[in-house]
Amino acid sequence: GWVSTASSFQQLNAGDSISINWSLGCDYTNQQITCLLYSDSIIYPGAGAGFYSQTSDSINIGATGVKPSGWCKSCGFDNNLSYNSKIIADGNGNLYLINGKIFSSQDGGYNWYPLQNIPHNGEVADAGFNSRNELYIVTQNSGVFYSKDLNNWTPLNNGFIQPQTPTAFFIEDTALFVSYYFDGPYISTDNGNFWRKMLVGGNSQRFYYINRHPDGRLMLFDDWNTLKQSSDNGKTWNEIFLDYKYANYSIYDFKIDKSGQLYIGSGDATLAILDPHSFQGTVHTYYQWNASLQTVNN
């Protein structure tokens, strides 16, 4: 698990108290936390653990439990996850949860730990890795950032007009794509050193779910549920007519698998699976008559 940072623990007066939260791990039968107490005369604030003398007192707190079988809740992330939280994986199989902050898991999703040193932590809207395990993030109001080690970050914002409220983010080794609510979509072919607007055309101001088909086509949706594709890396675009049943009310997610099949999640809990050439396919609906808004995403 993990322990929150106490608000103040360097200097205490008689009768003062400290409050921390201990979040248990999910897959450990026996768990223990040790609290150490140092008196003022034997601690050197900021000097590091190696300068601490022998503890004045300590206490061990333990917990035991049995891991649930089947589906069980993960541990360590904030409990106020929004419905559009996203999980991605790096090339080593580590998982990353994006929900304003970024949490990582190295045990398949049992336990999650908040990443430190994230720029504009709390307003990360999306993230993606390239094949070299280099991470790119887009923030709600401050543009795109890039890191090779998850500690040192470089802003990549040259060319944006209004980098606020991102609607799409897609990372490749040779090209980066981002779109904002009133600005975009953009492409960069030099690792974010400069972003160039793509002229998609049509009556839309907003673009979503940028994806690359295995045959090289770029695809995205506009805010009128119109599917658009480009065969020349975003220089020119043409519209694809979709039957309404495949794009019910509003689009909430769009993915392309390795074989090239298209997956569209839309309103009334609708999932469509389409052939990428005929744009025809099957529709599955999971709608229940007990809610006003039901979507398929992630």
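One can find the structure itself at the top, above this paragraph.
Residues numbered from 1 in each chain as written. Predicted model: local features only at pLDDT ≥ 70, side-chain atom pairs only at ≥ 80, totals over all residues. Heavy atoms only, no water.

**Student:** Hey, could you run me through the nonpolar core in this one?
**Tutor:** Within soluble globular proteins, side chains that are nonpolar tend to cluster in buried spots. Counting residues in hydrophobic clusters, the biggest one holds 17 residues, and the most contacted among them are F221, L227, L242, F254 and I264. Broken down by secondary-structure element, the contributors of at least two residues to this core are strand 17 (207-212), strand 18 (218-222), strand 21 (251-256), strand 22 (262-266) and strand 23 (270-274). With three residues, the single largest contributor to this core is strand 21. I88, I98, I118 and L135 belong to the second-largest nonpolar core, a separate cluster that totals 14 residues. (Core = buried A, V, L, I, M, F, W, Y, C linked by side-chain atoms within 4.5 Å. Buried < 20%, exposed > 50% of the residue type's maximum accessible area, 1.4 Å probe, protein only. Helix = DSSP H or I, 4+ residues; strand = E, 2+ residues; numbered from the N terminus.)

**Student:** Mind showing me how you'd approach the state of the cysteines here?
**Tutor:** Defined simply, a disulfide is a covalent bond joining two cysteines at their sulfur atoms. Across all of its chains, the model carries one disulfide by this definition. Here C26 is linked by a disulfide to C75, with a sulfur-sulfur distance of 2.0 Å. Linking C26 and C75, the disulfide has an S-S dihedral of approximately 105 degrees and is accordingly described as right-handed. Placement of the pair is C26 in the loop between strand 2 (22-23) and strand 3 (30-37) and C75 in the loop between strand 4 (57-64) and strand 5 (86-89), with a sequence separation of 49 residues. C75 supplies the cysteine sulfur nearest to C35, a cysteine that is in no disulfide, at a spacing of 19 Å. (Disulfide = S-S within 2.5 Å.)

**Student:** Mind showing me how you'd approach the packing of aromatic side chains here?
**Tutor:** One pair of aromatic rings is described through two measures. These are the centre distance and the angle between the planes. Enumeration over the complete set of coordinates arrives at 11 aromatic pairs. On the basis of an interplanar angle of 55 degrees and a centroid distance of 5.0 Å, the ring pair of Y96 and F129 is categorised as tilted. Of this pair, Y96 sits in strand 6 (residues 95-99) while F129 sits in strand 9 (residues 124-129), and the two are 33 residues apart along the sequence. The exposure classification of Y96 matches that of F129, with both residues buried. Relative to W289, the ring of Y287 lies with its centre 4.9 Å away and its plane at 90 degrees, an arrangement referred to as edge-to-face. On the basis of relative accessible area, Y287 is assigned to the partly exposed category, the value being 24%. Clustering of aromatic rings is evident, with ring pairs tying together F160, Y180, Y186 and W195. The cationic tip of R206 hangs over the ring face of Y181; the distance from NZ or CZ to the ring centre is 3.8 Å. (Phe/Tyr/Trp six-rings, centres within 6.5 Å; stacked < 30°, edge-to-face > 60°. Lys NZ or Arg CZ within 6 Å of the ring centre and 35° of its normal.)

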